[in-house]
Every structure is written in structure tokens, then in C-alpha cells.
Amino acid sequence: QVQLVESGGGLVQPGGSLRLSCAASGSIFSVNSMAWYRQAPGKQREWVATINYFTGGSTDYTDSVKGRFTISRDSAKKTVYLQMNSLKPEDTAVYYCCVPPSNWGQGTQVTVSS
């Protein structure tokens, strides 16, 4: 069992930046990867980014956020981050962190609007 708590969401203007955090606790000894997903109103939850939690490498992103978002981790703090730059209105969603396949946080709302 891994407990995940997201934070850092909020309202930001188009072109702005936010950094989301996902603090992990519990049985994280064997965690291999962590991911960020998002769910916009009326849409299914979609994958955003993945990181190898153990090494901090092997990152991957969905095409729509490549070059704008960066996933990283701080193993000492047991925290995964999603740095989001050049935000667009279409990035508006509830963002969730996940330890695949089935451990999810509660989500944090990101709204990109002027």
C-alpha cells in the first residue's frame, strides 16, 4: 500500500507555470515507477508523464506536453514533481499521481484561464 497526496494546483494564466507535488508514504520500498495523469471535464483520465522512481531517469511524456512539462523526483523527500510551463487552457484538469497499476492520489485541480 502506497499513500499519495498531490498538491500545488491552482488557477494560473495562459503561459504561466505551476509545479505539482506528489508526496508518497507507506510501502514504497519496491516502487519502480510513478506517473502523472489528468482528467478534464467530460473526458477520460489520460496519462501525462512517467518516471522511473528508482533512478530518476527513463522519463516519458504524452505528445501534448512534451517540451513544456518536466517530471522529476526527490527520493530523499519521497516526492515526485510535475513542473508545468507554458500552460494552455487545454491543460485544465484534475491532475493525479499514480504508482502503477492501481495506487492513486486524491487529485489536485489545475485551471488555466485568464
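Throughout this description, residue numbers start from 1 for each chain and increase along the sequence as written. Only residues with pLDDT of at least 70 are given local features in this predicted model, and only at 80 or more are side-chain atom pairs given and counted; all residues enter the totals for whole chains, interfaces and linings. Note that the side-chain values use all heavy atoms of the structure and ignore hydrogens as well as water.

## Topic: the nonpolar core
Step number 1: Ranked by size, the top nonpolar core spans 29 residues in total, and within it Met34, Trp36, Leu82, Met84 and Tyr95 carry the most contacts.
Step number 2: Counting only elements with at least two residues in this core, the list comes to strand S1 (2-7), strand S3 (18-26), strand S4 (33-39), strand S5 (46-52), strand S7 (69-74), strand S8 (79-84), strand S9 (93-99) and strand S11 (108-112).
Step number 3: The contact partners of Met34, leaving out residues within four places of it in the chain, are Leu4, Cys22, Ala49, Thr50, Ile51, Tyr53, Ile71, Val80, Cys98, Val99 and Pro100. Buried Ala, Val, Leu, Ile, Met, Phe, Trp, Tyr and Cys residues form a nonpolar core when they are joined through side-chain atoms within 4.5 Å. Remark: exposure states derive from per-residue accessible area (1.4 Å probe, protein chains only) relative to the maximum for the residue type, with buried under 20%, exposed over 50%, and partly exposed in between. Numbered from the N terminus, helices here are DSSP runs of H or I no shorter than four residues, and strands are runs of E no shorter than two. Contact definition: two residues touch when any of their heavy atoms are within 4.5 Å.

## Comments concerning the pattern of salt bridges
Step number 1: Salt-bridge detection follows one rule: a side-chain nitrogen of Lys or Arg within 4 Å of a carboxyl oxygen of Asp or Glu. Enumeration over the complete set of coordinates arrives at four salt bridges.
Step number 2: Between Arg68 and Asp91 there is a salt bridge, with the nearest N and O atoms lying 2.7 Å from each other. In this pair, Arg68 sits in the loop between strand S6 (60-61) and S7 while Asp91 sits in the loop between S8 and S9, placing the two residues 23 residues apart along the sequence. One exposure class covers both Arg68 and Asp91, and it is buried.

## Some thoughts on unusual backbone geometry
Step number 1: In this structure, the amide linkage connecting Pro100 to the following residue, Pro101, adopts the cis form with an omega of 10°.
Step number 2: Among the secondary structure elements, Pro101 is positioned in the loop between S9 and strand S10 (103-104).
Step number 3: You will see that Ser58, though not glycine, has its phi angle at about 50°, which is positive.
Step number 4: Among the secondary structure elements, Ser58 is positioned in the loop between S5 and S6.
Step number 5: Classification of Ser58 as exposed rests on a relative accessible area of 62%.
Step number 6: For Ser86, which is not glycine, the phi torsion reads 50° and is therefore positive.
Step number 7: Secondary-structure assignment places Ser86 in the loop between S8 and S9.

## A look at the pairing of S5
Step number 1: Pairs of strands are assigned from DSSP output, requiring at least two bridges between the strands. As defined by bridge partners, S4 adjoins S5 across six bridges and the pair is classed as antiparallel. Bridging from a neighbouring strand, Met34 pairs with Ile51 of S5.
Step number 2: Once S4 ends, the chain turns through six residues before running back antiparallel as S5, passing Gly42 with a positive phi of about 75°.
Step number 3: Of the strand pairs in this sheet, S5 and S6 are connected by two bridges, and their pairing is antiparallel. Bridging across to S6, Ala49 finds its partner in Tyr61.

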